[in-house]
Amino acid sequence: MKFSAGEAAFEGFRVTRQHPRAVAGWTLIWLVSLIATALTALPILGPVMGELQEAMRTAMSGGGSGLPAAIQIRVTYAMLATMPVSLVTQAIVLPALYRAMQSEGRDRFAFVRLGRDELRVLLVLLLLAIISVVLGQVGDTAVLATRGGTLSVVGGLIGIATTALSLFTAVRLVLAVPATFAQRRIDLKAAWKMTEGRFWPMFGMAIIAGVMACIVGLLLLIMSLPLSAMMAGPATSPAGAVGALLVLLLMAAGAALVTIILSAPFMAAYRDLTAGQD
């Protein structure tokens, strides 16, 4: 019933080293996901893409007061519209990752299956997303309702409290997906109980994994800079098309690696905490 947060935090690198072919397969899944996300978001953001890019450039230069309300609404709609794509992708990749962690050998399909395990993981991911959105909406509503009035301080405190509650809830339920896969049933209460008294080790492990994921993302960003220069020319030119394709592949590889680095430690923690149990 004990685990080392420091050791578990590096589990993602062990999986990447042991199953490189599976990582390549998961990269292809994320590539399809990114294309589907772009195709879903483009009709929503396309009409305001020019204004959005200009607002982002203004914000990066330190000017402006944020996105106009009309653009914010479209961005929100785009995020909601693409959320199912992200959830389905994770529901396919996470069980495959967990199977790879349980295996020493190779799998011709990168440990990917489409069955009840994936459906249960999808449902628990949806539940966790709903909990996160509800908690976030409570804080945002409190801040907006008290903006500009004498109760603005109260609204700010409520916003801070709901943010802290969201963080606490996320850490306490961080083993929900591994537990759902391993136990083949959804039991948020059991996942909550497993992290009782282990908030700080779990939080520290998440911080370590998050920092390593950021480093990997930064390295991939540096690698993409020459490719971005290739895309500076006409989009229809061969160099521009090749550059765009390679950037997309790097983004997919980054998504796969970040998923592994952030998710594998918690399956390792679940494995260690349940070791020896029937």
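Since this is a predicted model, take the numbers as computed values, not measurements.

Draft legend 1. Molecular detail of the overall build of the chain. From N to C terminus, the chain includes 11 helices and zero strands. Listed N to C, the secondary structure of the chain is α-α-α-α-α-α-α-α-α-α-α in terms of helices and strands. The buried share of the chain, taken over its 278 residues, is 37%. Taking contacts inside the chain between residues at least 6 apart in sequence as the whole, the part at least 24 apart equals 77%. When the accessible surface of the chain is split by element, carbon and sulfur atoms take 70% of a total near 15900 Å².

Draft legend 2. Representation of the packing of aromatic side chains. The final tally for this structure, using the stated rule, is seven aromatic pairs. Taken together, a centroid distance of 5.8 Å and an interplanar angle of 80° make the contact between Phe-168 and Trp-192 edge-to-face. Of this pair, Phe-168 sits in helix 7 (residues 152-172) while Trp-192 sits in helix 9 (residues 188-194), and the two are 24 residues apart along the sequence. We classify Trp-192 as partly exposed; its relative accessible area is 32%. Note on Phe-199 and Trp-200: the rings are 4.9 Å apart at their centroids and 85° apart in plane angle, and the pair reads as edge-to-face. Overall, Phe-199 belongs to the buried group, its relative accessible area being 16%.

Draft legend 3. Helix 2 (residues 11-18), seen in detail. Every buried residue of helix 2 is accounted for by Glu-11, Gly-12 and Val-15. Along the axis of helix 2, the buried positions cluster into a sector of 100°, meaning they face one direction only.

Draft legend 4. Looking closely at the pattern of salt bridges. Under the defined criterion, the tally for this structure stands at nine salt bridges. Salt-bridge contacts for Glu-11 lead to Arg-271; the nearest nitrogen and oxygen are separated by 3.6 Å. Linking Glu-11 in helix 2 with Arg-271 in helix 11 (residues 238-273), this pair joins segments that are 260 residues apart in sequence. We classify Glu-11 as buried; its relative accessible area is 8%.

Draft legend 5. Layout of a nonpolar patch on the surface. There is a patch of nonpolar side chains on the surface, built from Ile-207, Val-211, Ile-215, Leu-218, Leu-219, Leu-221, Ile-222 and Leu-225 and spanning about 750 Å² of accessible area. Looking at the secondary structure, you find Leu-225 in helix 10 (residues 199-230).

Draft legend 6. Main features of the environment of Ala-252. Relative to the helices and strands, Ala-252 is located in helix 11. With 221 residues separating them along the chain, Ala-252 and Leu-31 place their C-alpha atoms 4.9 Å apart.

Draft legend 7. Spatial organisation of the packing of helix 3 (residues 20-45) against helix 5 (residues 69-101). With their axes 9 Å apart at the nearest point, helix 3 and helix 5 run at an angle of 170° to one another. With respect to their mutual orientation, helix 3 and helix 5 come out roughly antiparallel. Residue composition of the contact of helix 3 with helix 5, grouped by class: 18 nonpolar, six polar and one charged.

Draft legend 8. Region of interest: the nonpolar core. Trp-26, Leu-97, Tyr-98, Met-101, Leu-175, Met-202 and Met-205 are the most contacted members of the largest nonpolar core, which has 53 residues in total. Broken down by secondary-structure element, the contributors of at least two residues to this core are helix 1 (5-8), helix 3, helix 5, helix 6 (116-145), helix 8 (176-183), helix 9, helix 10 and helix 11.

Draft legend 9. Highlighting the side chain of Thr-195. With respect to the element layout, Thr-195 can be found in the loop between helix 9 and helix 10. Within the structure, Thr-195 has its side chain in polar contact with the backbone oxygen of Trp-192 (distance 3.0 Å). Here Thr-195 is in contact with Val-171, Arg-172, Val-174, Leu-175 and Met-202, once residues within four sequence places are set aside.

Draft legend 10. Representation of unusual backbone geometry in the model. One non-glycine residue, Ala-110, lies in positive phi territory at about 60°. One can find Ala-110 in the loop between helix 5 and helix 6. By relative accessible area, which is 8% here, Ala-110 ends up buried. Residues other than glycine seldom take positive phi values, yet Arg-184 does so here, at roughly 60°. The residue Arg-184 is located in the loop between helix 8 and helix 9 in this model.

Calculation criteria
Once a new chain begins, its residue numbering starts again from 1 and follows that chain's sequence as written. Given that the model is predicted, a residue must reach a pLDDT of at least 70 before its local features are reported, and side-chain atom pairs must reach 80 or more before they are shown or counted; all residues, however, enter totals for whole chains, interfaces and linings. Heavy atoms from the whole structure form the basis of all side-chain values; hydrogens and water molecules are not counted. Secondary structure elements follow DSSP: runs of H or I no shorter than four residues count as helices, runs of E no shorter than two count as strands, and numbering proceeds from the N terminus. Per-residue accessibility, obtained with a 1.4 Å probe over protein chains only, is compared with the maximum for each type, and a residue is labelled buried under 20%, exposed over 50%, and partly exposed between these values. Contact definition: two residues touch when any of their heavy atoms are within 4.5 Å. Where accessible areas are quoted, they stem from the Shrake-Rupley method and a 1.4 Å probe; at the residue level, only the protein chains shown are allowed to cover. In this analysis, rings of Phe, Tyr and Trp, with Trp reduced to its six-membered ring, are considered paired at centre separations within 6.5 Å, and the interplanar angle assigns stacked below 30 degrees, edge-to-face beyond 60, and tilted for intermediate values. As used here, the arc belongs to the directions running from the helix axis to the C-beta atoms. Just to be clear on terms, a salt bridge is a Lys or Arg side-chain nitrogen sitting within 4 Å of an Asp or Glu carboxyl oxygen. Here the term patch refers to residues with relative accessible area over 30% and no salt bridge, with like charges joined within 9 Å and nonpolar side chains (Val, Leu, Ile, Met, Phe, Trp, Tyr) within 5 Å. The angle between two axes is taken between their N-to-C directions and runs from 0 to 180 degrees, where each axis is a line fitted to C-alpha atoms and a helix contributes only its stretch in contact. To sort the angles, those under 35 degrees are grouped as roughly parallel, those over 145 as roughly antiparallel, those from 65 to 115 as roughly perpendicular, and the leftovers as oblique. Any residue that is not Ala, Val, Leu, Ile, Met, Phe, Trp, Tyr, Cys, Pro, Asp, Glu, Lys or Arg is counted as polar, Gly included; the first ten are nonpolar and the last four charged. Among buried residues, those of type Ala, Val, Leu, Ile, Met, Phe, Trp, Tyr and Cys that are joined through side-chain atoms within 4.5 Å constitute a nonpolar core. Residues adjacent in sequence count toward polar contacts only when both atoms are side-chain atoms; beyond that, a polar contact is any pair of N or O atoms within 3.5 Å, and within protein one must be able to donate a hydrogen and the other to accept it.

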